[in-house]
Amino acid sequence: AAAGRCPCRVLLARRGGALRALCGSVRGLAAGPETHFGFQTVTEAERREKIYQVFESVAKKYDVMNDSMTLGIHRVWKDILMHKMNPSPGTLLLDVAGGTGDIAFRFINYVRSVQERQLQRKLKHHQNLSWQEISASYQEDKFKSLGDSQVVVCDINKEMLKVGKQKAQHLGYSEGLSWVLGNAEELPFDDDKFDVYTIAFGIRNVTRIDLALQEAYRVLKPGGRFLCLEFSHVSNPLLSRLYDLYSFQVIPVLGEVIAGDWKSYQYLVESIRRFPPQEELKAMIEDAGFLKVDYQNLNLGIVAIHSGFKL
């Protein structure tokens, strides 16, 4: 059929096809580099939007689902993270992707407990204090139970922050706690500001992990500590198969039953499987500039706590 067509038209058609292909390539470049959303291939911009929608969708049921998916063990993991941090009064903590406040509330409780023990030791060493003096010391301690400690919760998702603020109000947390809307890849804070940076079950949802790690390094003071609690890779083959079976067959069903959202929890499972294994993440943390980087596997590697220092 092409033989009967005008040569000029054929040439123009070919050029038009080439032009359309070129425009398609340019549009592809404009959309940004490709990455993954669970097991799908998407652009970085699409990934950011999809992840935002996931957490906007699950925010109100986030705590209930965490308890259901992990049988409540996530609470123990977060407690272990806090004991590993071992913050003292005066610590300035940045908790990134911590919208629901789980790490922030634990930090406040931990520092209050340390402050209380310090006060008790101080009073024991003063045997001759009167009842009035002891009472006055406790009253004074009430108003500065955190010392100069503060935790800043930074999350990119407004709905997650809203849930966290509501929980804080309900549980009576206000002192030494602030909430900031911000992106882990471009934190709205000055250099060398925080003593500790934590990110719990959030770094796998960051589009550019390398940028988030660089930002963590930037905002920490010299001597500051980076701590990451995240689902990781199970080395035991039998446990790994059972874990996969539970993850892919049970968790999405729980998501549908409890939160009415199968797809979001399917993504959360897929994102865990796509996340770098322990040694690979360790290398990435070192590449960002951190030293003395190590990790601790919990429950045979279902989760891991990575630690590093800005020295």
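Okay, so let's go over this structure. In this text the structure is predicted, and so the values were computed from the model without any measurement.

1. Thoughts on the nonpolar core
Line of reasoning, step 1. Judged by nonpolar contacts, the single largest core of 34 residues is most densely connected at Trp77, Phe107, Val151, Leu177, Leu229, Phe231 and Val303.
Line of reasoning, step 2. At the level of elements, helix H4 (73-85), helix H5 (102-124), strand S4 (150-155), helix H7 (158-171), strand S5 (177-181), strand S6 (194-200), strand S7 (220-231) and strand S9 (303-309) are the ones that each hand at least two residues to this core.
Line of reasoning, step 3. Filtering out sequence-adjacent residues up to four positions away, Leu177 remains in contact with Ala104, Phe105, Ile108, Val151, Val153 and Ala168.
Line of reasoning, step 4. Counting 27 residues, the second largest nonpolar core, distinct from the first, contains Leu94, Val152, Val206 and Phe275.

2. Describing the sheet that holds S6
Sheets are built from strands paired through backbone hydrogen bonds, the pairs being either parallel or antiparallel.
Line of reasoning, step 1. Strand order in this open sheet of 7 strands is S5-S4-S3-S6-S7-S9-S8, and the pairing throughout is mixed. Each of the sheet's edge strands pairs with one partner strand only, and the pair in question is S5 and strand S8 (291-298). Here the strands of the sheet are splayed against their neighbours by 15° on average, with no regard to which way each runs.
Line of reasoning, step 2. As defined by bridge partners, strand S3 (residues 92-96) adjoins S4 across 5 bridges and the pair is classed as parallel. Pairing of Val96 across the sheet is with Cys154, part of S4.

3. Focus: a nonpolar patch on the surface
Line of reasoning, step 1. Among the surface-exposed residues, Leu71, Ile73 and Val76 lie close enough to one another that they form a single nonpolar patch of about 280 Å² accessible area.
Line of reasoning, step 2. For Leu71, a relative accessible area of 71% translates into the label exposed.

Rules behind the numbers
Residues numbered from 1 in each chain as written. Predicted model: local features only at pLDDT ≥ 70, side-chain atom pairs only at ≥ 80, totals over all residues. Heavy atoms only, no water. Core = buried A, V, L, I, M, F, W, Y, C linked by side-chain atoms within 4.5 Å. Buried < 20%, exposed > 50% of the residue type's maximum accessible area, 1.4 Å probe, protein only. Helix = DSSP H or I, 4+ residues; strand = E, 2+ residues; numbered from the N terminus. Contact = heavy atoms within 4.5 Å. Pairing = 2+ DSSP bridges. Axes fitted to C-alpha atoms, helices over the stretch in contact; angles between N-to-C directions. Patch = residues over 30% accessible without salt bridge, like charges linked within 9 Å, V, L, I, M, F, W, Y side chains within 5 Å. Areas by Shrake-Rupley, 256 points an atom, 1.4 Å probe, with all protein chains shown as cover. Salt bridge = Lys/Arg side-chain N within 4 Å of Asp/Glu carboxyl O.

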